[in-house]
Amino acid sequence: MNLPTVLLPDGTRIPALGQGTWHMGETASRAAAEEAVLREGIERGLSLIDTAEMYADGGAERVVGAAIKGQRERVFLVSKVMPQNASSAGVVRHCEASLKRLGTDYLDLYLLHWPGPYPLAQTVAAFEQLRAAGKIRHWGVSNFDTADMEELFATPQGTNCATNQVLYHPDERGIEFDLLPWSRSRNMPVMAYSPLGQAGRLLRSPALKAVAQRHAASPAQIAIAWSLRDGNTISIPKSANPEHLRENAQAAAIRLSEADLAEIDRAHKPPAHKTSLAML
Ligand SMILES: NC(=O)c1ccc[n+]([C@@H]2O[C@H](COP(=O)([O-])OP(=O)(O)OC[C@H]3O[C@@H](n4cnc5c(N)ncnc54)[C@H](OP(=O)(O)O)[C@@H]3O)[C@@H](O)[C@H]2O)c1
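Residue positions are counted from 1 within each chain, in the order its sequence is given. Side-chain atom pairs in this predicted model are given and counted only at pLDDT of 80 or more, local residue features only at pLDDT of at least 70, and totals for whole chains, interfaces and linings cover all residues. To get the side-chain values, take all heavy atoms of the structure and skip hydrogens and water.

Colleague: Lay out the overall build of the protein with the relevant residues and their values.
Modeller: Secondary structure elements follow DSSP: runs of H or I of four or more residues count as helices, runs of E of two or more count as strands, with numbering from the N terminus. What the protein contains, in helices and strands, is 10 helices and 10 strands. The globule rule is 2.2 Å times the number of residues to the power 0.38, and the radius of gyration it is compared with is taken over C-alpha atoms. Taken against the 2.2 N^0.38 rule, which gives 19 Å for 280 residues, the C-alpha radius of gyration of the protein at 18 Å falls within 12% of a compact globule. Expressed along its principal axes, the backbone C-alpha trace of the protein runs to roughly 50 × 45 × 30 Å. Here the protein holds 280 residues, and 54% of them are scored as buried. Here, residues are in contact when the closest pair of their heavy atoms is within 4.5 Å. Taking contacts inside the protein between residues at least 6 apart in sequence as the whole, the part at least 24 apart equals 78%. Exposed residues in this analysis have more than 50% of their type's maximum accessible area, buried residues have under 20%, and partly exposed residues fall in between, with area computed by a 1.4 Å probe over protein chains only.

Colleague: Explain the packing of aromatic side chains to me, using residue names and the numbers behind them.
Modeller: Only Phe, Tyr and Trp rings take part, Trp by its six-membered ring, and two of them pair if their centres are within 6.5 Å. Stacked means planes under 30 degrees apart, edge-to-face means over 60, and tilted covers everything else. Here the structure, examined in full by the defined rule, presents five aromatic pairs. Aromatic ring contacts, followed pair by pair, group Y110, F127 and W139 into a single cluster. In this analysis the charged atom, NZ for Lys or CZ for Arg, is taken to sit over a ring once it is within 6 Å of the ring centre and within 35 degrees of the ring normal. Here the guanidinium or amino end of R186 rests over the ring plane of W182, the centre of that ring lying 3.9 Å away. For the cation-ring pair, R229 lies above W226, with the distance from its terminal atom to the ring centre recorded as 3.8 Å.

Colleague: Tell me about unusual backbone geometry, residues and numbers included.
Modeller: Even without being a glycine, H23 presents a positive backbone phi close to 75 degrees. Positionally, H23 belongs in the loop between strand 3 (18–19) and helix 1 (31–43). The partly exposed category is assigned to H23, whose relative accessible area is 38%. For Q198, which is not glycine, the phi dihedral falls at a positive 55 degrees. Counting through the fold element by element, Q198 comes out in the loop between strand 9 (190–193) and helix 7 (206–214).

Colleague: So what's going on with the site of the ligand? Which residues, and what values?
Modeller: The nearness test applies per residue and asks whether one of its heavy atoms lies within 4 Å of the molecule or strand. Around the ligand, 28 residues are found, and the nearest of them are D50, S239, A240, H244 and N248. Here an oxygen atom of the ligand and a side-chain polar atom of N143 are 2.9 Å apart. Interatomic distance of 2.9 Å between a side-chain N/O atom of Q198 and an oxygen atom of the ligand. Using a 1.4 Å probe, accessible areas were evaluated by the Shrake-Rupley method; residue-level cover was limited to the displayed protein chains. In the complex, 87% of the free accessible area of the ligand, which totals 890 Å², lies under the protein chains. Broken down by element, the residue count for the shell around the ligand peaks at three residues, all from helix 9 (residues 242–251). A per-class count over the shell around the ligand returns 11 nonpolar, 13 polar and four charged. In the analysis that follows, any N or O atom pair within 3.5 Å is treated as a polar contact, provided that within protein one partner can donate a hydrogen and the other can accept it, and provided that, for residues neighboring in sequence, both atoms belong to side chains. Any residue outside Ala, Val, Leu, Ile, Met, Phe, Trp, Tyr, Cys, Pro, Asp, Glu, Lys and Arg is labelled polar, Gly included; the first ten of those are nonpolar and the last four are charged.

Colleague: Any details on helix 4 (residues 120–132)? Residues and values, ideally.
Modeller: One fewer than the residue count of a helix, multiplied by 1.5 Å, yields its expected span. Helix length check: helix 4 (13 residues) gives 18 Å between terminal C-alpha atoms against 18 Å at 1.5 Å per residue, within 8%. Listing the buried residues of helix 4 in full gives L120, T123, V124, A126, F127, E128 and L130. Buried residues along helix 4 sit against strand 5 (76–81), helix 3 (88–102), strand 6 (107–112), strand 7 (136–142) and helix 5 (146–153). Two residues or fewer past helix 4, G134 is found with a positive phi of approximately 80 degrees.

Colleague: Which residues make up the pattern of salt bridges, and what are the values?
Modeller: Here a salt bridge means any side-chain nitrogen of Lys or Arg lying within 4 Å of a carboxyl oxygen belonging to Asp or Glu. With the rule as written, the count across this model stands at 20 salt bridges. D50 is the partner of K80 in a salt bridge, and the nearest nitrogen-oxygen pair spans 2.7 Å. Of this pair, K80 sits in strand 5 while D50 sits in strand 4 (residues 48–50), placing them 30 residues apart in sequence. This pair shows no difference in class: K80 is buried, exactly as D50 is.

Colleague: Could you give an account of the environment of P119, with specific residues and numbers?
Modeller: Relative to the elements of secondary structure, P119 occurs in the loop between strand 6 and helix 4. The exposure class of P119 is partly exposed, given its relative accessible area of 47%. For the pair P119 and A86, spaced 33 residues apart in the sequence, the C-alpha separation amounts to 9.0 Å.

Colleague: Any chance you could break down the packing of helix 7 against helix 8 (residues 219–227) for me, citing the residues and the numbers?
Modeller: Fitting a line to C-alpha atoms yields each axis, with helices limited to the stretch in contact; the angle taken between N-to-C directions then spans 0 to 180 degrees. At their nearest, the axes of helix 7 and helix 8 sit 8 Å apart, and the two run at 95 degrees to each other. The angle between helix 7 and helix 8 falls in the class roughly perpendicular. Residues L208, K209, V211 and A212 of helix 7 form the contact with helix 8, whose own contacting residues are P219, I222 and A223. Tallied by class, residues from the contact of helix 7 with helix 8 come to six nonpolar, no polar and one charged. Each angle is binned into one of four classes, with values under 35 degrees roughly parallel, values over 145 roughly antiparallel, values of 65 to 115 roughly perpendicular, and all other values oblique.

Colleague: Account for the environment of T146, naming residues and giving values.
Modeller: Counting through the fold element by element, T146 comes out in helix 5. A residue is classified by how much of its surface remains accessible, and T146, at 11% relative accessible area, is buried. It is 28 Å that separates the C-alpha atoms of T146 and K135, two residues lying 11 residues apart in sequence. Excluding residues that lie within four positions of it along the chain, T146 makes contacts with D178, L179, W182 and K274.

By themselves these figures say nothing about function.
Structure, rendered in structure tokens:
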């Protein structure tokens, strides 16, 4: 199957559908199964893996490290630094620690997990230093609202940001009002986190169920197809269940019709005004 891709602002082509890892690495007895799912995901083309130093206190990065062992070059690897660690020296030190847990000498993308106490100029300078040293290929941010992005772009080298990872699914569409158009106008893809709404209320949506029935698919697959619909969004559903993983990989082939999208819009309304960025 030909999986969708998106372009980063510098022209690098990356997979549009990846794998999240939040809550992986929390329980030692589950680590081998989580690793196996991540490996199968890579085989199925979900080769973008999103992790963070925060997840299970480094435990998720260790699981990812085990999963990518021997196949590092097949993977587009994303990790994140917590804002309280994002001083100029802190970013470099915490990146080294992530690399060690991941068993690699470079990240494809390193994100600031959310806006924090250090001036952006410090964090950006450290990201650029890591990039020059070959420790990271790209850097970006997460949970940045439009005003935060404006501030970033006014920071020296801030326009080198590759992406912004934000909460985005049919019940959390606030970014469509301003952040998404802002990003599009700068050729910057957005990375949608929790595209399944963490498998809560969203997957019980009658609209998603009706669309799913027409496609002989599941509501989760419709949520994933929806997140990928504009060709400029990266989606990172998390699964530690092989059946779910297979389902999620197949969702990339689903093309939603105008009627499908209209039905989803009626039940999960697009924003009519600015709301502040929702985050988990
Ligand atoms: N930057 C940030 O601040 C931030 C915040 C949140 C998340 N993230 C990233 O985004 C990733 C995804 O978000 P998320 O983990 O919050 O939520 P999500 O991907 O929306 O949902 C994950 C939940 O959905 C279940 N699931 C997966 N596939 C399914 C399917 N086909 N059918 C039914 N249930 C399914 C999973 O259970 P099973 O494992 O049992 O399949 C899990 O309980 C995270 O793992 C993390 O990497 C980033």
